[in-house]
Number of protein chains: 2
Amino acid sequence: MSSCDQPGLMPVETALERLFAMAEAAPINETERVSLADGEGRILAQSLIATLDLPPWANSAMDGYALRLADWTGEPLVISQRIQAGSAPLPLQPGTCARIFTGAPLPLGADTVEMQENTTLADDGRVAFSEPLKLGQNVRLQGQETRIGDEVLPVGTRMGPIELGLAASLGCADLLVRRRLRVAVLSTGDELVEPGQALGPGQIYNSNRRLLISWLHRLGCEAVDAGILPDDLQQTRAALAALADVDLILSTGGVSVGEADFLGVVLREEGELALWKLAIKPGKPLTCGHFRGVPVIGLPGNPASTLVTFALLARPYLLRRLGVQRVAPLGFKVPAGFVWSKPGARREYLRARLENGQVLPYPNQSSGVLRSAAWAEGFAEVLEGTTLAIGDSLRFIPLSEVLG
Amino acid sequence: MSSCDQPGLMPVETALERLFAMAEAAPINETERVSLADGEGRILAQSLIATLDLPPWANSAMDGYALRLADWTGEPLVISQRIQAGSAPLPLQPGTCARIFTGAPLPLGADTVEMQENTTLADDGRVAFSEPLKLGQNVRLQGQETRIGDEVLPVGTRMGPIELGLAASLGCADLLVRRRLRVAVLSTGDELVEPGQALGPGQIYNSNRRLLISWLHRLGCEAVDAGILPDDLQQTRAALAALADVDLILSTGGVSVGEADFLGVVLREEGELALWKLAIKPGKPLTCGHFRGVPVIGLPGNPASTLVTFALLARPYLLRRLGVQRVAPLGFKVPAGFVWSKPGARREYLRARLENGQVLPYPNQSSGVLRSAAWAEGFAEVLEGTTLAIGDSLRFIPLSEVLG
């Protein structure tokens, strides 16, 4: 326990800074090319540069009639062609208009579109315009959204549905992305039993690996289920050695707890180990180190502690290793619907809901189970050393901001 | 266009109500059993009921010493056993204490734990307690988090990392879930070309199917890429008929636009069709109908319109068909960092970011491209008929709340 006994607690910001430094010291630089269909959740390894203008040609924003405004004297115009979306129009005959539909290319020579609702089709087939016309109205100009050469998505962008749609609109069929991060997930604790097995005396079901593996998949990582670490020095060393090809070893539970700290012993022998006492609740003990050069992060083993430390520390670390710059979740100032009378030494992340515009924490904030989190919509952040009265403002982080 | 010319615009709330009614008229009732590892994103078909207490037995919240408080006279106590997590302790010998570690079961007869930091180990091996002890301190009681028989997750819960972790902590190895929703995604528009192909005159790349298929996967749906609908009545009918085994046909672009409305013709002939003019921007035209009994939703084809209408209308419809009750995204009151001087007839969803705690919209809010959305962190909701000054409050919906 000695190296855990640092004076004072480490602020969350300090821990994040150190984790970012660790992440940036071991970036994932290998790339691969994937089709857009396989691009979901991947990280761009190079900027996406527009290779065409958007729109690629001037087009109509309405169903109506295209004309050259200078040709219009106020008299009805003859319709000289009909332009559907997807067709290639002829140049506009001077002194005429063209029937045109939304998204169809403007014919050469036309500069203005009037929507059909403001026109009248006369018996002789000519079109009368009933309202004053403005040069360029209802015309989408070539390149008004994006120009050839624009950086549309920067390197390090996480590709979700929107980004994939945008890449498709530029005609990209595939993307150069960083390879997936390989993360080994293991638990420590002789009391752990896998779901589906019978529970013996003193045993509990392991839940953290299920939580973390599912979460890692959402983050686009490859998760290696490394199981429960055996309670034996030789076997612990062998189990870690078998993980040599991963980018991170993520453990939960007990490096500093108890006296049978085989993981800690192995890390001290074959790498390095720092034990941080974080000013965070739930959470507090976090292990950072290396095993034979592979980064190791050890999260506390209580489920709610695992949840909070992964959300606020491990998740940004993982994304940063892949070169993602914006890794902080959005937070929103929301009034408290509860009283907080005892200022704490640690920053608390209460599992909470919004009700009638106010933050309400789950009644039982024990770090022992995930029930509070399953009920919650987000984390209510109570800063260290503060109290709150009803209506006081605090930061609320939606779970959706950290779960994906 | 005639059936589109309803008097006035349909409020978003009305459209949602109608979509929920449609969804509840065609619920997905078929179920399947999946392992927890395959449970990500699935919807519970039956409540998850606790089949054990959590914790399953009283245990220590600290590394320290367990005792029966009534046996303690203030004198040091002999250590009669040592209890690691995962072990099965003997009953506590009267007048002694037990060395105990975090998460280890409390021995029968013990009722109190003192953390090791507040104790001293004497030379004779006895433990002196330096602080006043409180009955029950540092003890987690059996069932204090969850009791056998508690409904831990209600039917209709979407299983994410937290819910899967919670199910694991209760020993569940598999779950009864609703079968996946099968959604056919198709585009209309002769101008559309698939990414990777060459762009001819008047053509643009199709982006909506990429957006929607990726999004549907995030929502746990099975997406059938039905391609681009051919510009021909017979072929349109045949293409739709080939989709008889899907739960929803989701189209984008142009049912009401132009004159070559083959999808509209087929729906009128072989089902039903309603064209809604929504009070939403971007968005406005939405098609709802059936083809031979299969529900059809037609979203507008401009990418930002597709995005907003899927996020706010189609997504809740899909989740509700699977029995999810909480389908509304979280929104937060945030001050405007921009001026809105012209009250609109439609509710606008600006693609926007938060900067210094204020909402800033992307400068170009054209519905033509997704660039604004890729830049954005959420939708800023400007209600119909309102104006905004800097600092006025408006609702902000994080994209993370609708993208998953």
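*Asks:* Which residues make up the overall build of chain A, and what values do they have?
*Replies:* Helices and strands together make up the secondary structure of chain A, namely eight helices and 26 strands. Scaling as 2.2 N^0.38, a compact globule of 404 residues should have a C-alpha radius of gyration of about 22 Å, whereas chain A reaches 30 Å, well beyond that. C-alpha atoms of chain A, sized along the principal axes, occupy 95 × 50 × 40 Å. Expressed as a percentage of its 404 residues, the buried residues of chain A come to 52%. Considering only residue pairs separated by 6 or more positions, chain A has 68% of its internal contacts joining residues 24 or more positions apart.

*Asks:* Outline helix H1 (residues 12-25) of chain B, listing residues and values.
*Replies:* Between its first and last C-alpha, H1(B) extends 20 Å over 14 residues, near the 20 Å set by a 1.5 Å rise per residue. For H1(B), the elements touching its buried residues are strand S18 (271-277), strand S19 (280-281), strand S20 (285-291), helix H6 (303-321) and strand S23 (347-355) of chain B.

*Asks:* Outline the interface of chain B and chain A, supporting the account with residue identities and numerical values.
*Replies:* Each partner contributes residues to the interface: chain B has 78 residues there, and chain A has 78 residues. Top element by residues in the side of chain B that touches chain A is helix H2 (residues 161-169) of chain B. It accounts for eight residues. Across the side of chain B that touches chain A, the residue classes break down as 41 nonpolar, 25 polar and twelve charged.

*Asks:* Please set out helix H6 (residues 303-321) of chain A residue by residue, giving values where relevant.
*Replies:* All names here are of chain A. The principal kink in H6, of about 50 degrees, is found at Phe 310. Most of H6 sits out of view: 19 of its 19 residues are buried. A positive phi of about 90 degrees marks Gly 323, the residue just after H6.

*Asks:* Break down the sheet that holds strand S13 (residues 182-188) of chain A for me, with residues and values.
*Replies:* Residue and element names in this part refer to chain A. Spatially, six strands are ordered S16-S13-S17-S21-S20-S18 in an open sheet, and the strand pairing comes out mixed. Bordering the open sheet on either side are strand S16 (222-229) and strand S18 (271-277), each of which pairs with just one other strand. Direction aside, the axes of adjacent strands within the sheet are offset by 20 degrees on average. Bridge count between S13 and S16: six bridges; the pairing is parallel. Among the inter-strand pairings, Thr 188 is bridged to a residue of S16, identified as Leu 229. Most of the contacts of H6 go to strand S21 (residues 294-299), to which it runs at about 155 degrees, and overall it touches strand S17 (248-252), strand S20 (285-291) and S21.

*Asks:* Before we move on, can you summarise the pairing of strand S17 (residues 248-252) of chain B with the specific residues and values?
*Replies:* Every other side chain in a regular strand lies on the same face of the sheet, so the side chains alternate between the two faces. Residue and element names in this part refer to chain B. Burial analysis of S17 places five of its five residues in the buried class, the great majority of the element. With burial as the criterion, each face of S17 is covered, one bearing Leu 248, Leu 250 and Thr 252 and the other bearing Ile 249 and Ser 251. Examined bridge by bridge, strand S13 (residues 182-188) and S17 share five bridges and lie parallel to one another. Within S17, the position partnered with Ser 187 by the bridge is Thr 252. In terms of strand pairing, S17 meets strand S21 (residues 294-299) through four bridges, oriented parallel. Bridging from a neighbouring strand, Ile 249 pairs with Val 296 of S21.

*Asks:* Account for the domain arrangement of chain A, naming residues and giving values.
*Replies:* Taken domain by domain, chain A holds domain 1 (2-30 + 179-321), domain 2 (47-53 + 146-178), domain 3 (59-140) and domain 4 (332-403). Here domain 2 of chain A and domain 4 of chain A have C-alpha centroids that lie 38 Å from each other.

*Asks:* Now, about the sheet that holds strand S6 (residues 96-100) of chain A: what can you tell me, with residues and values included?
*Replies:* Residues and elements named next belong to chain A. Spatially, four strands are ordered S5-S6-S4-S7 in an open sheet, and the strand pairing comes out mixed. Looking along the sheet, the strands with just one partner apiece sit at the ends: strand S5 (78-83) and strand S7 (112-115). Within the sheet, the average angular offset between the axes of one strand and its neighbour, ignoring direction, is 30 degrees. Pairing analysis gives four bridges linking strand S4 (residues 64-67) to S7, with the strands arranged antiparallel. When the sheet's bridge partners are listed, Gly 64 is paired in S7 with Met 115.

*Asks:* Go over the nonpolar core, please, and point to the residues and values.
*Replies:* The biggest cluster of nonpolar side chains holds 194 residues, and the ones touching the most others in it are A:Val183, A:Val185, B:Val183 and B:Val185. Leaving out residues up to four positions away in the same chain, A:Val185 has contacts with A:Arg209, A:Leu212, A:Ile213, A:Ala223, A:Val224, A:Asp225, A:Ala226 and A:Leu250. One finds B:Trp57, B:Ala66, B:Ala85 and B:Val113 within the second-largest nonpolar core, a separate group that totals 21 residues.

*Asks:* Residues and numbers for the environment of A:Phe291, please.
*Replies:* Residue and element names in this part refer to chain A. Within the secondary structure, Phe 291 is located in strand S20. For Phe 291, a count of 21 C-beta atoms within 10 Å translates into the label buried. Along the chain, Phe 291 and Leu 248 lie 43 residues apart, while their C-alpha atoms are 9.6 Å from each other. Beyond its immediate chain neighbours, meaning those up to four positions away, Phe 291 contacts Leu 240, Ile 249, Val 266, Leu 267, Glu 270, Gly 271 and Val 296.

*Asks:* Mind laying out the packing of helix H3 (residues 208-218) of chain A against H6(A), listing which residues take part and the relevant values?
*Replies:* Residues and elements named next belong to chain A. In contact at an axis separation of 10 Å, H3 and H6 are set at 20 degrees when each is read in the N-to-C sense. With respect to H6, the element H3 is oriented roughly parallel. Read as a crossing pair, H3 and H6 show a hand that is right-handed. Residue-level inspection shows Asn 208, Leu 211, Leu 212 and Trp 215 of H3 in contact with H6, the latter providing Pro 303, Thr 306, Leu 307 and Phe 310. For the contact of H3 with H6, a count of residues per class yields six nonpolar, two polar and no charged.

Parameters at a glance
Residues numbered from 1 in each chain as written. Chains lettered and ligands numbered in written order. Predicted model: local features only at pLDDT ≥ 70, side-chain atom pairs only at ≥ 80, totals over all residues. Helix = DSSP H or I, 4+ residues; strand = E, 2+ residues; numbered from the N terminus. Rg over C-alpha atoms; globule rule 2.2 N^0.38 Å. Buried ≥ 20, exposed ≤ 12 C-beta atoms within 10 Å, placed from the backbone. Contact = placed C-beta atoms within 7 Å. Expected span 1.5 Å × (residues − 1). Nonpolar A, V, L, I, M, F, W, Y, C, P; charged D, E, K, R; others polar. Bend = angle between axes of the 7 residues up to and from the residue. Pairing = 2+ DSSP bridges. Axes fitted to C-alpha atoms, helices over the stretch in contact; angles between N-to-C directions. Domains from an automatic or database assignment. Core = buried A, V, L, I, M, F, W, Y, C linked by C-beta atoms within 7 Å. Parallel < 35°, antiparallel > 145°, perpendicular 65-115°, else oblique. Left-handed = near helix turned anticlockwise from the far one by under 90°.

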